[in-house]
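# A structural walkthrough
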Amino acid sequence: MSLYDIIFYLFALLVLVSAFITVTSKNIVHSAFSLMFTLFGVAGIYVLLGADFLGVVQLLVYVGGILILMIFGVMMTNEITNVDIKTGTTQVVPAIIGVGLFAGALTSMMLRTGWNSQPSENMDTTTYAIGKLLLTEYVLIFELLGMLLLVALIGAASVARKEKE
Amino acid sequence: MQVELTHFLVVSTLLFSMGVFAIVTRKNAILVLMGIELMLNAANINFVAFSKFGGFGLSGQVIALFVIILAAAEAAIALAIVLNIYKTFSNVNVDEINNLKE
Amino acid sequence: MNYENLYSSLSLIQPEITISVFLLLIVVADLIFDKNKALIPFLALAGLIIASVQVILQVTNTGYAFPFSDVYLSRKGMVTVDAFGAFFKLIIIISSFILVYFSYVSDEIKKSEKNLGEYYALIFGMILGMFFLSSASDLILIYVALELLSLSSYVLAGFSKLRTRNSEASLKYLIYGATSSGLMLFGISIFYGLSGTTNLYEINTFLASHQINHLTLSFASILIFAGIGYKISSVPFHFWTPDVYEGAPISITAYLSVASKAAGFALLVRFIKSAFVTSDDSLGYWEILSVFDWHSLLILVSILTMTLGNLTALWQNNIKRMLAYSSIAHAGYMLLGVAVLSNQGLVAVLIYFFFYLFMNLGAFFIVMLIANKTGSEEIDDYNGLGYTSPFLGVALTLFMVALIGLPPTAGFIGKLYLFIALVDAQMITVAIIALLNTVIALYYYIRVLKHMFLTKSTVETQTVSVIRPNIIFIIFMLAPVLIFGVYFGPVVDFAKRCVQILGL
């Protein structure tokens with residue numbers, strides 16, 4: 001077992017265990033914090049897959065942005081002092097059985113599929129190539145995302161504004 | 001055991017299933033949103049892993065980048081709506097908000 | 001990508017560029033004219049007029065834009081501009097024109113007049129998303145456009161915040177929407193893993209030439225159908241529809257029920273045809289790859305959709321909710337047209353959609369006028385309305401008759417072409433089920449008419465007076481429903497012209 005493998009298993013364990021806590025924890029604050037570890041672990045997996053730029057973006061946007069938003073949401077909608085916030089769940093047992101079967105079937109299906117396999121050579125850095133792709137092949141989507149962010153900005157501001165009667 | 005594509009796929013599949021589990025069982029809107037984030041992350045791991053092991057170039061990474069941006073935009077709007085609901089109802093449990101059903 | 005490519009690509013997405021430019025103009029105008037927002041609807045109209053001219057030109061000026069150059073040397077690009085896409089863009093444009101008038105009249109929107117800038121900016125965001133959905137031939141572009149459409153409509157569904165149910169509609173829409181788009185993304189990632197590309201044409205070539213695991217592919221296709229099914233509100237992704245339709249402002253409800261559904265159908269047809277169909281045979285039936293049984297899936301989904309929509313509509317007392325379920329049922333009929341998997345079925349879908357646009361928006365408009373006056377959308381409050389406001393009563397009756405699909409209205413022609421396509425494709429059982437559904441639908445539409453004309457009101461029914469511009473508008477909406485019911489040749493010819501999807 002090489003060092004690479006050991007690091008992979010550590011990150012995979014981190015992702016799965018913290019994701020499990022996220023989806024099962026009775027305490028919403030615990031969920032939010034374990035989600036942080038999940039997102040961090042996913043960033044680690046990106047780096048293992050040779051996507052260094054993406055790993056950094058994951059940390060910046062997800063851990064630094066989305067997660068902070070979520071924690072703000074949690075804190076503003078629940079009194080933080082009240083640790084035992086009720087985060088009731090519905091029909092847990094059928095859901096566990098159903099999702100368990102689903103996960104099993106899905107995993108075995110993914111394992112049986114003959115995927116394309118011709119591993120690419122390890123590139124040292126991806127930032128230059130990604131930047132080039134963004135402005136050539138994916139330029140349309142890149143620009144459209146600009147419009148989308150503008151619309152999202154307007155939309156979020158429109159939702160958050162105070163309604164004066 | 002040498003780490004291969006399937007290892008990454010197992011991680012992403014389990015992550016996806018946990019996201020589905022959160023969406024099915026959770027009542028709190030923010031927790032449901034967390035489940036959705038897990039699903040998006042699972043799909044992103046797929047994209048990056050496929051593009052590395054399948055030799056598809058960097059397109060998978062670019063797509064994952066787009067998805068991260070979209071997730072941020074979606075989360076911003078979602079949280080704004082949730083806070084707005086909280087102002088009117090003072091709770092964010094999906095099940096308790098059912099004025100619309102007669 | 002070289003510059004020559006870029007210029008020709010840009011010239012093919014002119015309508016989208018116009019919409020983007022006007023979105024920005026509206027944002028700027030909103031800032032400049034801080035006090036008086038009366039100009040903004042006219043700015044929106046100007047944008048729509050320019051875009052509509054450009055869309056009409058697209059019926060003949062077709063081609064591929066934004067070709068991939070790096071990994072796969074393909075002549076076919078991310079965006080496919082063809083007559084089929086132009087047809088759906090026209091439907092979106094026409095309903096956007098109607099929406100502008102709707103919003104101009106609607107009391108709900110008038111109350112938040114200060115925010116008209118945001119309102120129209122978000123609507124243009126929706127239009128941009130729908131335009132790209134109708135002509136995208138790349139899964140990632142599809143996903144981004146779908147998100148653009150969804151994000152704008154989440155906010156619009158909760159736009160008028162004077163009533164609590166609007167924000168509730170918004171939240172429900174968002175939770176279901178984000179879930180289904182998450183599912184769709186996972187499906188896209190599997191497609192990417194199998195074929196190494198997100199371009200629909202590349203996927204088609206790959207599926208035709210390689211042995212792949214059918215189970216995995218079917219799973220991925222179903223996940224992608226989840227994202228599309230959510231937009232066209234087909235079973236089992238319809239849960240959001242009644243709540244959102246009831247909770248959102250009426251103008252947005254009407255728009256969602258036509259335009260966003262049109263984009264969903266355009267996407268569904270293009271996805272199936274570009275990624276799974278190898279060629280048309282001489283009769284116009286599509287030679288579909290045997291990797292996934294779209295035929296059975298679509299038939300199953302459409303029968304469930306129409307039956308559930310119609311049966312649930314029977315119990316509704318709120319007319320917006322009833323129209324929501326009826327729109328689910330209509331989506332079911334149109335899915336049947338897609339399930340035929342032939343050019344004839346597609347023609348039927350196009351015709352049906354064109355007529356559905358007028359009859360559905362017309363019905364919503366009258367519901368809105370009545371709600372403006374009485375503040376109620378309950379069917380019980382329509383008692384005796386046919387006598388106090390005869391013009392509205394008669395007009396609503398005609399729209400309802402068209403929605404049922406009875407002659408001499410256009411609704412009948414839409415259903416007729418659909419049934420002919422079904423019978424020609426030897427799908428007799430399915431046709432009978434659809435026919436039985438129409439009979440069920442008869443009941444709940446007639447119920448509204450019964451309340452309007454036969455039930456005596458216990459309290460004094462308010463007279464809803466209609467100002468002249470609204471009368472003209474209603475006549476303008478009624479005219480196509482009645483005229484095309486008799487003289488439908490041009491529409492059929494136009495639809496036949498527009499079934500050509502590039503890429504085979």
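Residues numbered from 1 in each chain as written. Chains lettered and ligands numbered in written order. Predicted model: local features only at pLDDT ≥ 70, side-chain atom pairs only at ≥ 80, totals over all residues.

We now examine the environment of C:Leu141. Residue and element names in this part refer to chain C. You can see Leu-141 is positioned in helix H7 (residues 139–157). The class of Leu-141 is buried, set by 25 C-beta atoms lying within 10 Å. A sequence separation of 354 residues divides Leu-141 from Ala-495, and the C-alpha atoms of the two residues are 26 Å apart. (Helix = DSSP H or I, 4+ residues; strand = E, 2+ residues; numbered from the N terminus. Buried ≥ 20, exposed ≤ 12 C-beta atoms within 10 Å, placed from the backbone.)

Each side of the interface is counted separately: chain A has 68 residues, and chain B has 60 residues. Looking at the side of chain A that touches chain B, the elements with two or more residues in it are helix H1 (3–24), helix H2 (28–48), helix H3 (52–77), helix H4 (92–112), helix H5 (127–135) and helix H6 (139–160) of chain A. Examining the composition of the side of chain A that touches chain B, we find that 13 residues originate from one element, H3(A), more than from any other. Residues that form the side of chain A that touches chain B fall into these classes: 48 nonpolar, 19 polar and one charged. (Contact = placed C-beta atoms within 7 Å. Nonpolar A, V, L, I, M, F, W, Y, C, P; charged D, E, K, R; others polar.)

A few words on the packing of helix H3 (residues 39–58) of chain C against helix H6 (residues 116–135) of chain C. All names here are of chain C. Contact geometry of H3 with H6 gives a least axis separation of 10 Å together with a crossing angle of 15 degrees. Taken as axis vectors, H3 and H6 run roughly parallel relative to one another. Two packed elements cross with a definite hand, and for H3 against H6 that hand is right-handed. Taking contact as the criterion, the partners of Ile-40, Ala-44 and Gly-47 in H3 are, on H6, Leu-116, Gly-117, Tyr-120 and Phe-124. Taken together, the residues of the contact of H3 with H6 break down into five nonpolar, two polar and no charged. (Axes fitted to C-alpha atoms, helices over the stretch in contact; angles between N-to-C directions. Parallel < 35°, antiparallel > 145°, perpendicular 65-115°, else oblique. Left-handed = near helix turned anticlockwise from the far one by under 90°.)

Facing 29 residues of chain C, the contacting portion of chain B comprises 35 residues. Secondary structure elements with two or more residues in the side of chain C that touches chain B: H7, helix H8 (164–195) and helix H11 (240–247) of chain C. Here the residues of the side of chain C that touches chain B sort into 13 nonpolar, eleven polar and five charged.

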